[in-house]
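Results of the structural survey
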Amino acid sequence: MYRWILCWRYLRTRYIALASVVSVMLGVATLVIVNAVMDGFTAEMQQRMHGILSDVIIESRSAHGLENYRHHVERIRRIVGDDLVGITSLVHVPAMVSIDHRGETITRQINLIGIDVDSYADVSDFSKYLLHPENQQRISFLLKESGYAPARAHFPESGWEYRRKKAAAEKQLRQLREQYEREQQRNAMLREAIDQPPPPTVASETSPESMQFGLEPTTSRGLSLPSLPTALTVNDSGEVESSSEPHSSPVRPVAASSEQQPSPEHSTVDTLTPRVDAVATLASDQARVFDAEFQQHEGVVLGISIASTRYRDAAGQVTDYYYARPGDDVMITFPSAGNSPRAINERFTVVDFYESKMSEYDATFAFVPLEKLQRYRGMSADAVTSIQLRLREGADLDAVRDTLRRAFPLETMVQVSTWRDLQGPLLAAVQMETTILNILLFLIIAVAGFGILATFFMIVIEKTKDIGILKSLGASGPGVASIFLGYGLLLGAFGAGVGAVAGLAFVARINSIADLLEVATGQEVFDPTVYYFDSIPTLVEPMTVVWVVVGAIGIAVLASVLPAMRAARMHPVKALRYE
Amino acid sequence: MSELATQIRPRRRQGEPAHAADIALQPTEPLAAPSADVLLEARNITKSYRRNRLEVPVLRDCSFSARTGEITAIVGQSGSGKSTLLHLLGTLDIPDSGEIYFDGRRIDNLSRRQRDRFRNQKLGMIFQFYHLLPEITAYQNVLLPMMIQAGFWGYLKNRTAFRQRAQQLLQRVGLEHRLHHRPSELSGGEMQRAAIARALIASPQILLADEPTGNLDQQTGKRILDLLNDLNENDGLTIVMVTHDESIAAQCHSAVVLSNGTTRRP
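Not measured: the values here are computed from a predicted model.

Turning next to the overall build of chain A. Along its length, chain A carries 24 helices and eleven strands. Buried positions account for 37% of the 579 residues belonging to chain A. Sequence-distant contacts in chain A: of pairs separated by 6 or more residues, those separated by 24 or more amount to 80%.

In structure tokens:
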């Protein structure tokens, strides 16, 4: 009893000892904060990865893919049984996307994924990450009129509205340019005619219509447009850009061969993007020219980082710059199926962006409808490259994987893995980082322990007489020692408790604190151009907090063991004589 | 002084029935058993301190006995070893050689734990510098031996009885108006009274007093001595008192003089 009374009194009267636990307090607070942020990042990342990768992935390494996949799907259903919640088949190919932007072509390496629209939503969180609210319900791969990314500030005008404007502007531009070309030609002819009066045979070689055009009074107007060829890439009237102006060029010559010969720009683009039969048939089915104003190519959902870049503008605001947007056309190049793959170029219309905030996925994933990709690649409609399974909550992924591995031996060129297997190295790296941080921060608390040790030694020396008195009254050595051990325990509990509360309070307000620090120091604490999170994610694991607190108290008690032993061993007579 | 002398009549008291049952029995030497009314006895004690490798002898072949119900004084010059003898008698220290008996049982060779219990239950001690714990009130200081004795749960269970006894004792020593004062708020005499109350709370058989008046003015010192006499007379408390004041020693039932590390009758 006397131990607790004395502990309590010492705690109340020795403020210097409280100062020595400030470091324990800070250490505990830091540990709580760091763990919360690391766990927050990990949980966020895992959730996103898991959302995309689903639970179990069955991939074929063969160039033909998994033939007769419906049969395999049935087999998997039988094997996995009740644990299965969703199953979908995919075609996965490496690909390259070419985006035309302001007359330049930007190429990016991507993963082209053909998805089965109906079943993919059962397995993956795919649609959750799309920008258009309707696509979030169900993806249609058709361009929407407008209304993309309602929550995003400064998202450029997209959809049919934009596409029509762009196509109209392009049409206008093309007409102007054609006119200019024609007049250039006529001028040249006229000049030729004036310089050396030609024999009539020469004049008859040129087409009579162009001669007729040449005589029109627009000649002077054509000559007055010398800047037009350079203005091709500018034309920034409002939202409209001429960047993808050549898009329609591969189509146009099919049905419009009677029209004017393509300009030099057109012809260079043509060599880059040879005519594609699929599109041509699409266009010729309707026996009409592909009209970008009213028609779209097959839809593609691009990862947002493929078509945009995030930067900080002159005012310091985080801004996205879009090379392409929903409504633009892009070219995707991918290998055909079979043992000697050829490159296939296909034109797609961007119908939406995909933003999972996992930079790896956002920068590489592009989604197209499964049956289209099968057809373009020349695969049979029965072949896919991978099958993804979503299992019941709490199902044993590893057990399911192992069962499936027995059903699909490696000899069949099929690999079965869980999402953890695929992201194993990343998860392990994050885990290791967390562990090392924890060890380092615990060392800080250990350092604080030495502070407690020193302070306690001083208190024991200061209390020498009291120790002698207690011993003369019959207090035992262990009894005296326990005063100081209890004192250490109380101080540790106090420091760890206050530290934990401070840490949790910090975590709860971490984003406003980050903002405050930004204002105070002018230094960005959490840079949204680096991370794809808008705010710092946190997750408090109660057990982690408990362990940190217990560990800190343990260190405080350990630090008081030596002073307590010294107090216990103190000779009562010497202690009483001490003045 | 003469007043005091008349007050204290040398007087013999029948020894209280000896029972030290709760001290673990040690093999006692029957030959060495003292006469029944000797409560505390030291036989041929030697004690020396080591200071810078130099052996400084303090007590040499020193013998002492205190009879039940008496006040026994130990007189001597400063540095003659009075306090050392008292500490040995109070088991705070162990003699180099010789034996110490309490109530017929040897106590100098008890284990540390047993000596702690002995001090707590059989012995009360007061000091020249009072030695109250400065952090807690007089009342809590008085309760301290009971807290040590009873442990956490035992104390909680019996705390009403303990508190009552502490209050009675503080009343007995005349400190009922200073119950909840810290030692720093008490005068020297008050502190010594509190120390006496603390020494008595566990109902000890003997009180060891180390210069109880050494730090007090004559008036206050006299009151403390009066209190001790009163306790001796009315409660039959055996007291061993170390003092350098021969006039105080003269008023006690018996006295020994300590010089050159040995005792002699005055």
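Past the structure itself, the notes keep going.
Helix and strand content of chain B: seven helices and ten strands. Looking at the 266 residues of chain B, the share that counts as buried comes to 47%. By sequence separation, contacts in chain B at least 24 residues apart represent 74% of the contacts at least 6 residues apart.

A few words now on the packing of helix 3 (residues 22-53) of chain A against helix 21 (residues 477-508) of chain A. Residues and elements named next belong to chain A. Here helix 3 crosses helix 21 at 35 degrees, and the two axes come no closer than 7 Å. Here helix 3 runs over helix 21; the crossing is right-handed. Touching V24, M25, L26, G27, V28, A29, V32, I33 and A36 of helix 3 are G492, G495, A496, V498, G499, A500, A502, G503, L504, F506 and V507, all from helix 21. For the contact of helix 3 with helix 21, the class distribution of residues is 15 nonpolar, five polar and no charged.

What follows covers the sheet that holds strand 10 (residues 262-264) of chain B. Residue and element names in this part refer to chain B. Taken together, the six strands give an open sheet; going across it, the order is 6-7-8-3-9-10, and neighbouring strands pair in mixed fashion. The sheet terminates laterally at strand 6 (123-126) and strand 10, the two strands that pair on one side only. Along the sheet, successive strands turn relative to each other by an average axial angle of 20 degrees, direction set aside. Taken together, the five bridges between strand 3 (residues 71-76) and strand 9 (residues 254-259) define a ladder with parallel strand orientation. Bridge pairing in strand 9 places I74 opposite V256. Along the sheet, helix 5 (residues 188-200) contacts strand 6 and strand 7 (206-210); its crossing angle with strand 6, the most-contacted strand, is approximately 170 degrees.

Here the focus is the interface of chain A and chain B. Opposite the 18 residues of chain A that make contact, chain B presents 20 residues. Going through the elements one at a time, helix 1 (2-13), helix 20 (464-472) and helix 24 (572-577) of chain A are the ones with two or more residues in the side of chain A that touches chain B. Top contributing element to the side of chain A that touches chain B by residue count: helix 1 of chain A, with six residues. Looking at the side of chain A that touches chain B, its residues break down into eleven nonpolar, five polar and two charged.

Moving on, we come to the sheet that holds strand 1 (residues 38-51) of chain B. Whenever strands of a sheet pair, they do so through backbone hydrogen bonds, lying parallel or antiparallel. All names here are of chain B. With antiparallel pairing, the four strands of this open sheet are ordered in space as 2-1-4-5. Lying at the two open borders of the sheet, with one neighbouring strand each, are strand 2 (54-67) and strand 5 (105-106). Across five bridges, strand 1 lies against strand 4 (residues 97-102) in antiparallel orientation. Looking at the pairing, R43 lines up with E99 of strand 4.

The next thing to look at is the confidence of the model for chain B. The predicted structure's coordinates, where accompanied by low pLDDT, should not be read in detail. Residues and elements named next belong to chain B. When the pLDDT values of chain B are averaged, the result is 80; 86% of them are 70 or greater. Here helix 1 (residues 2-7) stands out as the element of chain B with the lowest mean pLDDT, 40, in contrast to strand 7, whose mean of 90 is the highest. Considering only residues more than four positions removed or in separate chains, one finds that residues 1-34, a stretch of pLDDT under 50, has 47 contacts. In the predicted assembly, ipTM is 0.82 and pTM is 0.66.

This paragraph deals with helix 6 (residues 218-235) of chain B. Residues and elements named next belong to chain B. For helix 6, spanning 18 residues, the distance from its first C-alpha to its last is 25 Å, which sits close to the expected 26 Å at 1.5 Å a residue. Taken together, the buried positions of helix 6 are occupied by G221, I224, L225, L228, L231 and N232. Buried residues along helix 6 cover an arc of 115 degrees about the axis, so they all sit on one side. Helix 6 presents Q219 and N234 as exposed residues on the side facing more than 90 degrees away from its buried surface.

Here the focus is unusual backbone geometry. The residue D61 of chain B is not glycine, and still its phi comes out positive at about 50 degrees. Here D61 of chain B shows up in strand 2.

All right, on to the packing of helix 3 of chain A against helix 23 (residues 542-569) of chain A then. Any two packed helices are characterised by the angle at which their axes cross and by the distance between the axes. All names here are of chain A. It is at 10 Å that the axes of helix 3 and helix 23 come closest, and there the two elements cross at 160 degrees. Considering their axes alone, helix 3 and helix 23 lie roughly antiparallel with respect to each other. The two elements helix 3 and helix 23 meet at a crossing, and its hand is right-handed. Residue-level inspection shows V24, G27, V28, L31, V32 and N35 of helix 3 in contact with helix 23, the latter providing T544, V545, V548, V549, A552 and A556. In terms of residue class, the contact of helix 3 with helix 23 is made up of nine nonpolar, three polar and no charged.

The next thing to look at is the pairing of strand 4 (residues 298-303) of chain A. Residues and elements named next belong to chain A. In terms of burial, strand 4 is largely enclosed, as six of its six residues are buried. Neither face of strand 4 is exposed, since E298, V300 and L302 on one face and G299, V301 and G303 on the opposite face are all buried. The pairing of strand 4 with strand 8 (residues 343-354) spans six bridges and is parallel. In the sheet register, G303 faces strand 8, and the bridge partner there is Y354. Relative to strand 9 (residues 365-369), strand 4 runs antiparallel, the two being bridged by two bridges.

Here helix 22 (residues 510-521) of chain A spans 16 Å end to end across twelve residues, near enough to the 16 Å set by a 1.5 Å rise per residue. One or two steps after helix 22 of chain A, the chain reaches G522 of chain A, where phi turns positive at roughly 75 degrees.

On to the nonpolar core. In terms of nonpolar packing, the biggest core is built from 123 residues, with V28, V32, A552 and A556 of chain A together with A197 of chain B touching the most fellow members. Among the elements that take part in this core, helix 23 of chain A stands out by supplying twelve residues, more than any other. Leave out the neighbours within four places in its chain, and V28 of chain A touches I445, G495, A496, G499, A500, G503, V548, V549 and A552 of chain A. Membership of the second largest hydrophobic core comes to 69 residues, among which are I52, A149, F365 and V384 of chain A.

On to the environment of N141 of chain B, then. All names here are of chain B. Here N141 shows up in helix 4 (residues 138-172). Once the C-alpha coordinates of N141 and A197 are considered, the two residues, 56 residues apart in sequence, prove to be 9.0 Å apart. Among all residues touching N141, those that are not within four sequence positions of it are L132, L133, I136, A194 and R198.

Now for the pairing of strand 7 of chain B. Residues and elements named next belong to chain B. The buried count for strand 7 comes to five of five residues, which makes it a mostly enclosed element. Burial along strand 7 is two-sided: I206, L208 and D210 and L207 and A209, pointing in opposite directions, are all buried. For strand 6 and strand 7, the ladder comprises four bridges, and the chain directions are parallel. The residue bridging I126 from the neighbouring strand is A209, located in strand 7. The pairing of strand 7 with strand 8 (residues 238-243) spans five bridges and is classified as parallel. Bridging from a neighbouring strand, D210 pairs with V242 of strand 8. Since strand 7 and strand 8 lie parallel, the crossover through helix 6 that links them has a hand, and here it is right-handed.

The next point concerns the environment of L85 of chain B. Counting through the fold element by element, L85 of chain B comes out in helix 2 (residues 82-89). Separated by 39 residues in sequence, L85 of chain B and T46 of chain B place their C-alpha atoms 9.6 Å apart.

Calculation rules
- Residues numbered from 1 in each chain as written.
- Chains lettered and ligands numbered in written order.
- Predicted model: local features only at pLDDT ≥ 70, side-chain atom pairs only at ≥ 80, totals over all residues.
- Helix = DSSP H or I, 4+ residues; strand = E, 2+ residues; numbered from the N terminus.
- Buried ≥ 20, exposed ≤ 12 C-beta atoms within 10 Å, placed from the backbone.
- Contact = placed C-beta atoms within 7 Å.
- Axes fitted to C-alpha atoms, helices over the stretch in contact; angles between N-to-C directions.
- Left-handed = near helix turned anticlockwise from the far one by under 90°.
- Nonpolar A, V, L, I, M, F, W, Y, C, P; charged D, E, K, R; others polar.
- Pairing = 2+ DSSP bridges.
- pLDDT = per-residue confidence, 0-100.
- Expected span 1.5 Å × (residues − 1).
- Arc of directions from axis to C-beta.
- Parallel < 35°, antiparallel > 145°, perpendicular 65-115°, else oblique.
- Core = buried A, V, L, I, M, F, W, Y, C linked by C-beta atoms within 7 Å.
- Right-handed = clockwise from strand over helix to strand, strands pointing away.

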